[in-house]
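Survey of secondary and tertiary structure
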Amino acid sequence: MRELAHQFDLQPLNTLAVPARAAYFGRADSLERLRELLDFARREGLPLLVLGGGSNLVLREDFPGLVVHMQLGGFELTGESDHHVTLRVGAGENWHQLVRRTLALGYSGLENLSLIPGSVGAAPIQNIGAYGVELDQVFCELHALDRETGELLRFDRADCAFGYRDSVFKQGLRDRLAITSVTLQLNKTPSLCLDYPALREALAGQDPGRLTPTAVSDAVCAIRRRKLPDPLDTPNVGSFFKNPLVDADHYRHLKQSYPELVAHPVGERYKLAAGWLIDRDGWRGFCDGAVAVHERQALVLTNAGRGGGDRVLALARRISDSVAERFQVELEIEPRLYP
Ligand code: FAD
Ligand code: NAP
């Protein structure tokens, strides 16, 4: 077996830039190597973390087991019809590079999901979504190794039980698999999704009939660059909390007290904008040493001082307690916590 690194520095591999070390660290750049690494962890009884771009996790302290950095590449056309293509993509490919590559080839469907950090393999885990589109709308299937048995498994869309920033991989199969490839179905004839207010605003004045998917991707990138901190300059993991869902009575009660409340109906319930709740509760721009609530989007916590994950989580806890007291709404942390 190829050498493993010991006491490996994970700070450059998590976008929150938390200082932490992995007791063991290996790169999975082939299926054989991935199997070898999973075997090693099982044999030694080590806790295991499959790491992609490190943009949706918080390391609370050093990881006492094996960190497997997913580096499986691949981009393969597996099917084509008059209107669609299917593409199988390696889990270690960079998500945004995939978006731009498919657009350059004339395939649309991913444009609203531009500039989301991280890897292709992590995208189904929280069913990534932005600007009115979610991964499950283009998802066909994925392949994954069972971390215990090493068996290669196939999951179709129904198997994944996708929900709002959720899937079976965050629930019953949490930390049980290593996703190796994701297959997507994209359009050869664009069908643009321009309903999201910020996107509509950015594209106002343009003739919708002449808009290209690449122009939509460019607009999404421009909005994101204006509003969100670049993790390379200002470490962060994007939205720190999920948008909470509340029942209609709770929504009506809040709306009476706060007529400007930002909420969107989802079936019989309402999705509240967590960023609005945090902002209205007075946290936007709040700074506690090097940990802060971002000025332009209160849903994003930043770690400019590159301090420990515990400090970011302490601020998150203060915010969620305070929001719960004011609005009687529990905020759920979106990134995964390790160890
Ligand atoms: P990691 O952080 O490496 O891992 C996240 C989880 O997935 C961990 O539990 C890890 O074990 C698991 N995992 C990763 N790869 C695999 C694999 N191959 N097999 C099994 N398990 C795996 N998210 C959105 O949904 N929409 C957004 O618009 C969005 N914007 C963001 C903006 C910024 C600035 C940042 C920093 C984050 C944003 N995110 C967004 C969150 C994040 O980018 C996504 O959730 C992304 O899919 C995480 O990918 P990753 O490779 O970095 O995952
Ligand atoms: P925003 O435009 O300020 O909107 C605030 C919230 O309202 C969003 O969270 C969004 O929910 C919801 N919303 C707005 N218009 C909606 C509509 N027409 N229908 C249903 N819900 C609507 O949001 P933002 O913070 O700038 O983010 C823009 C997009 O990028 C959002 O989709 C957001 O989820 C995504 N994003 C995600 C992360 C992450 O880490 N998860 C980080 C940055 C941005 P949704 O979140 O459900 O869309």
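The structure reproduced in this document is the subject of the present report. These numbers come from a predicted model, not from an experiment.

Basis of the calculations
Residues numbered from 1 in each chain as written. Chains lettered and ligands numbered in written order. Predicted model: local features only at pLDDT ≥ 70, side-chain atom pairs only at ≥ 80, totals over all residues. Heavy atoms only, no water. Near = heavy atom within 4 Å. Polar contact = N/O pair within 3.5 Å; in protein donor to acceptor, adjacent residues only side chain to side chain. Areas by Shrake-Rupley, 256 points an atom, 1.4 Å probe, with all protein chains shown as cover. Helix = DSSP H or I, 4+ residues; strand = E, 2+ residues; numbered from the N terminus. Contact = heavy atoms within 4.5 Å. Pairing = 2+ DSSP bridges. Axes fitted to C-alpha atoms, helices over the stretch in contact; angles between N-to-C directions.

**Overview of the site of ligand 1**
What surrounds ligand 1 is a group of 34 residues, the closest being Val50, Ser55, Ser119, Arg224 and Tyr338. Between Ser119 and ligand 1, the recorded distance is 2.6 Å, taken from a side-chain N or O atom to an oxygen atom. Note that a nitrogen atom of ligand 1 is positioned 2.8 Å from one of the backbone N or O atoms of Ile179. When isolated, ligand 1 has an accessible area of 980 Å², and the protein chains bury 94% of it. Elements with a minimum of two residues in the shell around ligand 1: β3 (48–51), β8 (129–130), β12 (177–187), β13 (236–239) and β20 (336–338).

**Side note on the environment of Ser55**
You can see Ser55 is positioned in the loop between β3 and β4 (57–59). Along the backbone, Ser55 and Arg336 are 281 residues apart, and their C-alpha atoms lie at a distance of 9.8 Å. When near neighbours in sequence (up to four residues on either side) are disregarded, Ser55 contacts Thr15, Pro117, Gly118 and Val237.

**What about the sheet that holds strand β5 (residues 63–70)?**
As summarised here, the arrangement of the four strands in space is β1-β2-β5-β3, forming an open sheet in which the pairing is mixed. Strand pairing shows two members of the sheet lacking a second neighbour, β1 (5–9) and β3, which therefore form its edges. Put simply, the sheet's adjacent strands are angled 45° from each other on average, direction ignored. Relative to β5, strand β2 (residues 21–28) is paired through six bridges, and the arrangement is parallel.

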